[in-house]
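Observations on the three-dimensional arrangement
So the chains spell out like this:
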Amino acid sequence: MRPDLYSLTLAKPVLRALRFCCAGMLLLACGANMAQAQAWQADYAESTAHAFPEIAMLQNQASQTIHQTVNQPPAIAQELRIGRTYGEYLVFADAVNQARRPDSSATGSLAVIYPDLGEPYRSIFAKIIEGIEEKSKLPVISIPIGQKLEANELNAQLKRSGVKVVIALGRQGMKLASSLDREIAIVVGGVLSVPENEGRAMTGVSLMPDPALLFSRLKSMLPNVKRVIVVYDPRNNEWLIKLARDAAKAQGLELVTYEAKDLATAAHQYENAFANADKRDALWLPHDATTVEEGSIIPLVLRESWSRGIPFFSSSFLHAKKGALFALYPNNLELGHSLAQAAYGALTGDGRKSGVSLLREVLVAVNLRTASHIGLNIDYQSQRSFDSIFPEP
């Protein structure tokens with residue numbers, strides 16, 4: 001059974017005391033001099049003097065990542081953030097952050113609202129929030145939102161906390177944020193796109209990787225490729241294809257498009273695309289609910305790509321694991337940094353213009369088996385430029 005806060009409050013000071021006692025006995029056993037003993041006693045007194053308030057703040061502290069240094073302030077724990085009754089947690093998190101945030105010329109606080117979901121989504125949101133906390137110039141409070149949380153209830157809590165700008169993560173967060181008072185600036189993240197008919201004009205960063213980054217990576221790996229093939233639903237991604245045409249042209253590529261508005265048509269279009277493809281071509285899989293379907297489309301693409309030697313690349317991390325030559329996927333910590341900067345800009349009138357920009361904070365995954373199959377040798381030095389490698393070593 002998981003210990004409650006009171007148990008942890010009592011247990012950790014005891015453990016701390018035992019640790020220091022053991023350390024003291026070890027010093028005496030090793031013949032430590034009086035100065036060392038006095039230093040140990042002073043250290044013990046200082047630590048126990050702050051033990052109780054530290055327990056309340058740190059008992060749910062998120063695990064530190066390997067690269068994090070001791071000088072960096074710890075992030076507020078996810079367990080703290082996901083309390084079902086968020087009021088006391090919100091005030092507590094705000095107090096912690098105000099204590100470690102520098103003063104800013106802009107007044108008010110920044111709130112992050114995000115769906116209260118289980119893993120793996122919880123970890124994803126936690127990493128984005130960590131990035132926001134690292135770069136925010138404002139005190140940050142984090143509010144998990146459940147199905148029963150109403151906009152008027154959230155509005156009241158935000159006003160009491162002096163919130164001036166909200167970062168809304170996920171589609172649920174974005175929908176709730178669209179109902180907030182007009183004087184609160186909104187920045188969205190963790191969504192693929194923002195439909196024009198949803199809510200007021202918002203600023204933010206999409207989860208859709210910028211085609212310019214995808215095509216640049218493609219040319220660096222396969223400089224002889226001349227055409228990029230894509231099957232897409234114009235109802236979902238016409239806006240993306242317009243941007244992709246310009247991005248392809250900038251890399252000396254031709255974008256060959258096939259439209260499909262249902263699954264059967266998409267399968268037929270992929271068959272046509274592969275039948276007409278040659279060694280100068282590569283297939284791009286964007287985020288598209290109609291044409292990039294996991295149950296039937298992905299197996300078809302994997303089969304045809306492998307048998308014909310036509311590589312495909314993707315905007316989904318999982319596709320690199322399955323057989324895509326490479327994929328770009330979000331760097332959630334860096335995405336949090338960008339969202340924090342966008343939020344400050346929205347509050348002060350500086351920074352990004354209204355609108356959701358494509359994702360440029362990306363990591364790269366590569367499939368070495370696929371690379372070898374198409375005759376591409378990626379040496380060890382080159383492999384170090386990738387963030388994830390499949391098959392896993």
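Calculation notes
Residues numbered from 1 in each chain as written. Predicted model: local features only at pLDDT ≥ 70, side-chain atom pairs only at ≥ 80, totals over all residues. Heavy atoms only, no water. Helix = DSSP H or I, 4+ residues; strand = E, 2+ residues; numbered from the N terminus. Expected span 1.5 Å × (residues − 1). Buried < 20%, exposed > 50% of the residue type's maximum accessible area, 1.4 Å probe, protein only. Arc of directions from axis to C-beta. Contact = heavy atoms within 4.5 Å. Polar contact = N/O pair within 3.5 Å; in protein donor to acceptor, adjacent residues only side chain to side chain. Patch = residues over 30% accessible without salt bridge, like charges linked within 9 Å, V, L, I, M, F, W, Y side chains within 5 Å. Areas by Shrake-Rupley, 256 points an atom, 1.4 Å probe, with all protein chains shown as cover. Salt bridge = Lys/Arg side-chain N within 4 Å of Asp/Glu carboxyl O. pLDDT = per-residue confidence, 0-100. Phe/Tyr/Trp six-rings, centres within 6.5 Å; stacked < 30°, edge-to-face > 60°. Pairing = 2+ DSSP bridges. Axes fitted to C-alpha atoms, helices over the stretch in contact; angles between N-to-C directions. Right-handed = clockwise from strand over helix to strand, strands pointing away.

The end-to-end C-alpha distance of helix α11 (residues 263-275), which contains 13 residues, comes to 19 Å, matching closely the 18 Å that a straight helix rising 1.5 Å per residue would cover. Buried within α11 are the following residues: Ala 266, Gln 269, Tyr 270, Ala 273 and Phe 274. Relative to the axis of α11, the buried residues are bounded by an arc of 130° and lie together on one face. Across α11 from its buried face, at more than 90 degrees, point the exposed residues Ala 264 and Ala 275. The inward-facing, buried residues of α11 contact β6 (227-232), β7 (254-259), β8 (281-285) and α12 (297-308). The N-terminus of α11 is capped by Asp 262, whose side-chain oxygen sits 3.2 Å from the backbone nitrogen of Ala 264.

Taken together, the side chains of Leu 117, Tyr 121 and Ile 124 make up a nonpolar region of the molecular surface, amounting to roughly 260 Å² of accessible area. Along the chain, Ile 124 turns up in helix α6 (residues 121-135). Under the relative-accessibility criterion, Ile 124 is labelled partly exposed at 34%.

Our focus in this paragraph is the confidence of the model for the chain. For the chain, the average pLDDT comes to 76, and 70% of its residues sit at 70 or higher. Predicted confidence is poor over residues 1-105, with pLDDT under 50, and the contacts of this stretch with residues over four places away or in other chains come to 105 contacts.

Attention shifts here to the side chain of Ser 305. Here Ser 305 is to be found in helix α12. The exposure class assigned to Ser 305 is buried, which follows from its relative accessible area of 7%. Setting aside its immediate chain neighbours within four residues, Ser 305 contacts Phe 274, Ile 310, Pro 311 and Phe 312.

Now for the packing of aromatic side chains. Counted according to the given criterion, the structure contains six aromatic pairs. With a centroid separation of 5.2 Å and 5° between ring planes, the pair formed by Phe 313 and Phe 326 is classed as stacked. With Phe 313 in strand β9 (residues 312-314) and Phe 326 in strand β10 (residues 326-330), the pair connects residues that are 13 residues apart, well separated along the chain. For the pair shown, Phe 313 and Phe 326 are each scored as buried. With a centroid separation of 4.7 Å and an interplanar angle of 65°, the aromatic rings of Phe 317 and Tyr 329 are classed as edge-to-face. In this pair, Phe 317 is assigned in helix α13 (residues 317-322) and Tyr 329 in strand β10, connecting sequence segments twelve residues apart.

With that settled, consider helix α8 (residues 170-177). One turn of an α-helix holds 3.6 residues; hence residues three or four places apart share an orientation. Taken as a whole, α8 has its buried residues at Gly 170, Gly 173, Met 174, Leu 176 and Ala 177. Here the buried residues of α8 occupy an arc of 165° about the axis, which is enough to place them on one side.

We now examine the pattern of salt bridges. Pairing of side chains with opposite charge becomes possible as their charged atoms draw close. By the definition in use, this model includes ten salt bridges. One salt bridge connects Arg 360 with Asp 210, and the closest N-O pair in it is separated by 2.9 Å. With Arg 360 in the loop between β11 (355-359) and β12 (362-367) and Asp 210 in the loop between β5 (203-209) and α9 (211-221), this residue pair connects regions lying 150 residues apart in the sequence. Residue classification places Asp 210 among the buried residues on the basis of a relative accessible area of 15%. Each of Arg 227, Asp 278, Arg 280 and Asp 281 takes part in one network of salt bridges that share partners.

Here we come to the sheet that holds β5. Here we have six strands laid out as an open sheet, ordered β2-β1-β3-β4-β5-β11, and parallel in their pairing. Both edges of this open sheet fall to β2 (140-145) and β11, since each of them pairs with a single strand only. The mean angle between the axes of side-by-side strands here comes to 20°, regardless of whether they run parallel or antiparallel. The sheet contact formed by strand β4 (residues 185-191) and β5 spans four bridges and is parallel. What sits directly across from Val 188, in β5, is Gly 204. Each of β1 (109-115), β2 and β3 (163-169) touches α6; the most contacted strand, β1, lies at about 170° to it.

This part covers the pairing of β7. Where β6 and β7 come together, six bridges link them in parallel fashion. In the strand pairing of β7, Arg 227 is matched with Glu 254. Where the polypeptide runs from β6 across helix α10 (residues 234-250) and back to β7, its parallel neighbour, the crossover connection is right-handed.

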